[in-house]
Protein chains: 2
Amino acid sequence: MSCVFCRIVAGEQPASVVHHDDLCWAFMDIRPVRRGHVLVIPVAHAVHLHELDDPIRARIWEVGQRIADAHRASALTSNGHNFLLNDGKAANQTVAHAHLHVIPRAGGDFLATMFRLAKNLTGIGTIRRDALDTDADEIRQHLPLF
Amino acid sequence: MSCVFCRIVAGEQPASVVHHDDLCWAFMDIRPVRRGHVLVIPVAHAVHLHELDDPIRARIWEVGQRIADAHRASALTSNGHNFLLNDGKAANQTVAHAHLHVIPRAGGDFLATMFRLAKNLTGIGTIRRDALDTDADEIRQHLPLF
């Protein structure tokens, strides 16, 4: 299985998981442009959004919203969010499995945030799995029920 | 009525409209960062996404998807899309009425695209209403039915 996101869903690759259900998974981005940066993916492998069934797409956006709600309610307080889905290689999609970025924002840092996203740079320094796990736990505890 | 998007919905402000229904409107961005750049807004005035009811939010994303489908099917051919919703002032929301950016992309221009968005610059030179109307017509003709 060559797709890194499919390997996460299959349990073959570690991830700091925030949510999973039959349609979607959500986990901490391994290169967070901001602390609390989460990716929401469909379980079904598809490169592009238009290849997915309507209910799967709807669930991706819905899960993204609840993660933003959890950010606001949690210790990872956020003043706002960018919901960004880069659909297709020409749109800077860097992993060939559809994914929604849910990026908590503090303000005044839009271009720095987008620069990091474009260049695959982290905004939190060295990435430690235990820190990502802690943030995932914190978000999960504040996630509104479905 | 001070909100420019509410004035568009009320017919008090011109717009090159792509779609409208009971929940959502979609029209050409007046400062397109790329040709074909469309905004999708809820009819109900709300600054933040979390203030909207679930069905309204779901409709915003759904309309955004169909606009992307229309781009691909139309003469405004696109190789990919950024779906971007800047939720809150801290996330670079520039109009205080929730709106989804649907931005067609050609590739290799992510930072230029985001720079224009951050700086409120157009990517198509002088903006002419008749050109926006022509593009809105083209998209509308290829919009999948609901």
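Treat the numbers as computed from the prediction; the structure is a model and nothing was measured.

S.K.: Honestly, the overall build of chain A in this entry has me stumped. Any pointers?
M.R.: The secondary structure content of chain A amounts to four helices and five strands. Since a compact globule built from 146 residues should have a radius of gyration of about 15 Å, the 14 Å found for chain A is in line with a globular shape. With the principal axes as the frame, chain A shows a C-alpha extent of 35 × 35 × 25 Å. Counting only contacts in chain A whose residues sit at least 6 apart along the sequence, the fraction spanning at least 24 positions is 63%. Carbon and sulfur atoms make up 51% of the accessible area of chain A, which amounts to about 6300 Å² in all. Here chain A contributes 15 positively and 16 negatively charged side chains, and the mean placements of these two sets differ by 8 Å.

S.K.: Help me understand the interface of chain B and chain A in this model?
M.R.: Interfaces are frequently sized by the accessible area removed from exposure as the parts join. Taken together, the contact between chain B and chain A spans 33 residues of the former and 33 residues of the latter. At the boundary of chain B and chain A, one finds two salt bridges. The residue D54 of chain A makes a salt bridge to R66 of chain B at a minimum N-O spacing of 4.0 Å. At the junction of chain B with chain A, the criterion picks out 14 residue pairs in polar contact (both at pLDDT 80 or more). For the side of chain B that touches chain A, the secondary-structure elements that each account for two or more residues are α2 (54-73), β4 (80-87) and α3 (110-119) of chain B. Ranked by residues supplied to the side of chain B that touches chain A, first place goes to β4 of chain B with eight residues. Within the side of chain B that touches chain A, the residues separate by chemical class into 14 nonpolar, ten polar and nine charged.

S.K.: Looking at this structure, I do not really get the relation of the copies chain B and chain A. What am I missing?
M.R.: Superposition of the two copies of the chain requires a rotation about an axis together with a shift along that axis. Mapping chain B onto chain A calls for a screw motion: a turn of 180° about the axis and a shift of 0.0 Å along it, with 0.0 Å RMSD after fitting. Both copies of the chain, as the preceding transformation shows, are related through a two-fold rotation axis. No C-alpha of chain B lies nearer the rotation axis than that of L84 of chain B, which sits 2.3 Å from it. Interface residue correspondence from chain B to chain A reaches 100%, placing this contact among same-surface, isologous pairings.

Reading the values: rules and limits
All residue numbers refer to positions counted from 1 along the written sequence of the respective chain. Ligands are numbered from 1 and chains lettered from A, in the order in which they are written. In keeping with the predicted nature of the model, local features appear solely for residues at pLDDT of at least 70, side-chain atom pairs appear and are counted solely at 80 or more, and the whole-chain, interface and lining totals rest on all residues. Hydrogens and water molecules were not included; the side-chain quantities draw on all heavy atoms of the structure. Segments assigned H or I by DSSP are reported as helices when at least four residues long, segments assigned E as strands when at least two residues long, and all are numbered from the N terminus. Radius of gyration here is computed from C-alpha atoms only, and the compact-globule reference equals 2.2 Å multiplied by the residue count raised to the power 0.38. Working rule for contacts: check all heavy atoms of both residues, and any pair within 4.5 Å makes them a contact. The Shrake-Rupley method, run with a 1.4 Å probe, gives the accessible areas here. Residue values count only the displayed protein chains as cover. In this tally, Asp and Glu contribute negative charge and Lys and Arg positive charge; neither His nor the terminal groups of the chain are included. By convention, the charge on Lys lies at NZ, on Arg at CZ, on Asp at CG and on Glu at CD. Counted as salt bridges are all cases of a side-chain nitrogen of Lys or Arg within 4 Å of a carboxyl oxygen of Asp or Glu. The definition of a polar contact used here is a pair of N or O atoms within 3.5 Å, where within protein one atom must be able to donate a hydrogen and the other to accept one, and adjacent residues in sequence count solely through side-chain atom pairs. Classification convention: Asp, Glu, Lys, Arg as charged; Ala, Val, Leu, Ile, Met, Phe, Trp, Tyr, Cys, Pro as nonpolar; all other residues, Gly among them, as polar. What sets the superposition is a least-squares fit of C-alpha atoms, and only residues with pLDDT of at least 70 in both copies go into it.

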